[in-house]
Amino acid sequence: MSVSGIGSGAAKEYSVLYNNQVTASRHRSGEVKAPAKADSVVKTRQREQNVPVYAERTSQSGSLPQQDSATTFPMPSVIAKYEKYTKAIDEHYAKVNEENRKFDNPSKHIWDKYYNTRSPYYVKGLTQREREICAESERRVLNGLPAAVNSYDPVIQKNFGGIMSDEEWNDEVRCGMNDSINRLFAENGIDIPEGADLRLRVDPYEYKIHADGVDGVLAGQIEEALNRGNNGRYLYEHLRWCNPSNNGFEQPRQYLYDAAYQEKAVMWHFVNDMTGLDMRELENRDGVIYLPDGRNLWDAVTEQYNEKQANGEMDALPMESLYKDYQVFVKEGWDKEDGRGLTIGYKNGSLYDIDTEYGYGPGQREWLEDSRNRHSQYWENYRKERDETLRREKAAPTAYEKWLDGQIANTEEVLSELGNRTYGKSGTLLSQPNLKAMQQLLDYAVSNGRVVPLTKEVLRLPGRGTLSGGLDIKA
């Protein structure tokens with residue numbers, strides 16, 4: 001049975017999924033990892049207050065995948081969450097990069113802007129943290145890399161006041177799904193009886209939405225209306241993001257079952273992406289699954305994988321490990337597992353999470369409002385602390401100013417030491433020079449570009465030229 005396209009786009013996820021069996025590992029001290037995705041956002045981190053800090057990207061080209069025109073549900077991916085932030089960051093730093101490149105030494109100009117208080121280009125009104133963020137972002141873009149999306153970047157603060165939490169993002173997606181479902185029901189003349197408790201289950205293989213809790217005819221109409229494009233896949237991914245355990249609450253039983261068969265589901269999608277076949281429908285005989293033409297299924301999978309990798313369509317995968325898992329599943333056999341999947345309820349025009357009080361549906365949102373308030377309070381406190389930090393840092397000399405003052409004081413000390421020496425009429429030094437002081441002066445001159453290596457040329461000084469001690473001396 002061919003179901004090609006059901007798992008489309010998942011092929012690049014297998015390597016990470018097999019290294020990280022749990023989709024999302026969250027609420028560990030100081031860090032949160034998003035579900036693995038083969039796109040530009042590769043890592044997100046959070047502070048203990050559960051405030052997103054940044055999303056680090058590997059390439060500028062990592063944009064959202066094209067959405068099927070038949071899909072009406074919003075994309076739940078963390079990539080979609082960061083889209084508006086990456087757009088603002090990329091536009092800002094691209095424009096700044098154009099200005100930086102107008103200077104002979106763009107890197108030095110970037111440094112001067114954020115650390116050299118005596119530069120005419122010095123940017124005022126930033127904290128030390130913000131200077132480091134801006135300077136690093138501009139250097140990355142100058143070198144052809146994308147700037148990281150950082151909550152504390154002045155661009156993000158000015159445009160958005162910070163990055164929304166995962167809980168806020170899930171709620172935004174849930175609202176979009178409610179709107180889409182209600183619209184599809186209206187367009188298809190579907191009327192859910194008052195008080196009916198509709199259940200929508202998404203299987204982990206073909207991502208088909210199954211309706212229950214209403215009569216068979218109505219269930220069929222609902223399934224036909226909802227199973228369009230990537231709706232099933234998006235609903236399944238959204239439900240996995242909405243696992244209450246992600247927020248420190250008790251995990252409903254269905255998520256325990258979901259975790260138990262994820263390896264099997266990932267293997268199914270991998271094989272489907274490589275061959276377009278449903279391996280549950282193929283002949284399984286003597287520890288080998290056969291294609292309709294008699295070939296070994298794994299041989300066909302390997303052949304397609306090698307071709308896709310050679311064409312740059314997917315990254316290298318741990319095929320030996322995948323094959324070991326494949327053999328386990330072949331030995332266990334593949335059944336329809338009709339009851340597998342994640343389920344969500346629908347009642348009175350809204351989706352609601354089942355077997356939990358901590359969801360995103362009506363009557364389940366008290367914890368969410370508490371989370372919003374904490375998030376809002378965090379940024380309010382941050383902005384107050386930022387103002388205090390600015391006042392404190394403005395009153396204190398910068399690290400560069402301290403260094404420069406030290407260098408000037410050292411130079412004056414060395415020159416004073418040299419000036420105390422006595423010379424005869426012939427120019428002969430009558431007392432022994434302070435060689436340590438002279439060495440310090442020379443080191444300072446070299447470090448500041450006042451002395452350059454011998455070049456066979458005598459540099460022109462005001463009114464004269466000189467060659468001294470094997471070094472060209474600049475005025």
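Predicted model, so just to flag it, every value in this text is computed and none were measured.

Conventions adopted
- Residues numbered from 1 in each chain as written.
- Predicted model: local features only at pLDDT ≥ 70, side-chain atom pairs only at ≥ 80, totals over all residues.
- Heavy atoms only, no water.
- pLDDT = per-residue confidence, 0-100.
- Contact = heavy atoms within 4.5 Å.
- Pairing = 2+ DSSP bridges.
- Helix = DSSP H or I, 4+ residues; strand = E, 2+ residues; numbered from the N terminus.
- Axes fitted to C-alpha atoms, helices over the stretch in contact; angles between N-to-C directions.
- Core = buried A, V, L, I, M, F, W, Y, C linked by side-chain atoms within 4.5 Å.
- Buried < 20%, exposed > 50% of the residue type's maximum accessible area, 1.4 Å probe, protein only.
- Phe/Tyr/Trp six-rings, centres within 6.5 Å; stacked < 30°, edge-to-face > 60°.
- Lys NZ or Arg CZ within 6 Å of the ring centre and 35° of its normal.

Caption draft 1: Broad picture of the confidence of the model for the chain. For the chain, per-residue confidence averages 79 on the pLDDT scale, and 68% of positions sit at 70 or higher. Within the model, the stretch residues 15-49 combines pLDDT values under 50 with 83 contacts to residues more than four positions away or in other chains. Counting interchain partners and residues more than four positions distant, the pLDDT-below-50 stretch residues 455-475 has 34 contacts.

Caption draft 2: Region of the structure containing the sheet that holds strand β10 (residues 342-347). The strand order β7-β6-β10-β11 describes an open sheet built from four strands, whose pairing is antiparallel. Pairing within the sheet leaves two strands with one partner each, and these edge strands are β7 (209-212) and β11 (350-352). Pairs of neighbouring strands in the sheet enclose a mean axial angle of 30°, with direction left out of account. Strand direction decides the pairing type here: β10 and β11, joined by three bridges, are antiparallel. For K347, the partnering residue across the bridge sits in β11 and is S350. Docked against the sheet, helix α6 (residues 166-187) engages β6 (198-202), β10 and β11, running at close to 130° with respect to β11.

Caption draft 3: Structural context of the nonpolar core. By size, the foremost hydrophobic cluster in this structure holds 60 residues, and its most contacted members are F73, F185, I192, L198, L200, I222 and L226. At eight residues, the largest contribution of residues to this core is made by helix α2 (residues 78-100). With residues near it in sequence (within four places) discarded, I192 still touches F185, L198, L218, I222 and Y346. One finds Y205, W268, W298 and A300 within the second-largest nonpolar core, a separate group that totals 24 residues.

Caption draft 4: Molecular detail of the pairing of β10. The element β10 is extensively covered by neighbouring structure, given that five of its six residues are classed as buried. From the end of β10 to the start of β11, which pair antiparallel, there are two residues, and N348 there has a positive phi angle of about 50°.

Caption draft 5: Layout of the packing of aromatic side chains. In the structure shown here, the tally under the stated rule is 18 aromatic pairs. Relative to Y85, the ring of Y82 has its centre 6.0 Å away and its plane inclined at 65°; by these criteria the two rings are edge-to-face. A residue pair is termed a helical-turn pair when its members lie 3 or 4 positions apart in one helix, as Y82 and Y85 do in helix α2 at three residues. A relative accessible area of 1% means that Y82 is categorised as buried. The exposure class of Y85 is buried, given its relative accessible area of 2%. A ring pair is formed by F103 and Y121, whose centres lie 5.0 Å apart and whose planes are at 85°; its orientation type is edge-to-face. With a gap of 18 residues between them, F103 in the loop between α2 and α3 (106-115) and Y121 in the loop between α3 and α4 (128-142) connect regions that are remote in the sequence. A residue is classified by how much of its surface remains accessible, and Y121, at 45% relative accessible area, is partly exposed. Ring pairs connect the aromatic residues Y152, Y378, W379 and Y382, which therefore count as one cluster. Over the ring of Y152 we find R129; its NZ or CZ atom is 4.0 Å from the centre of that ring.

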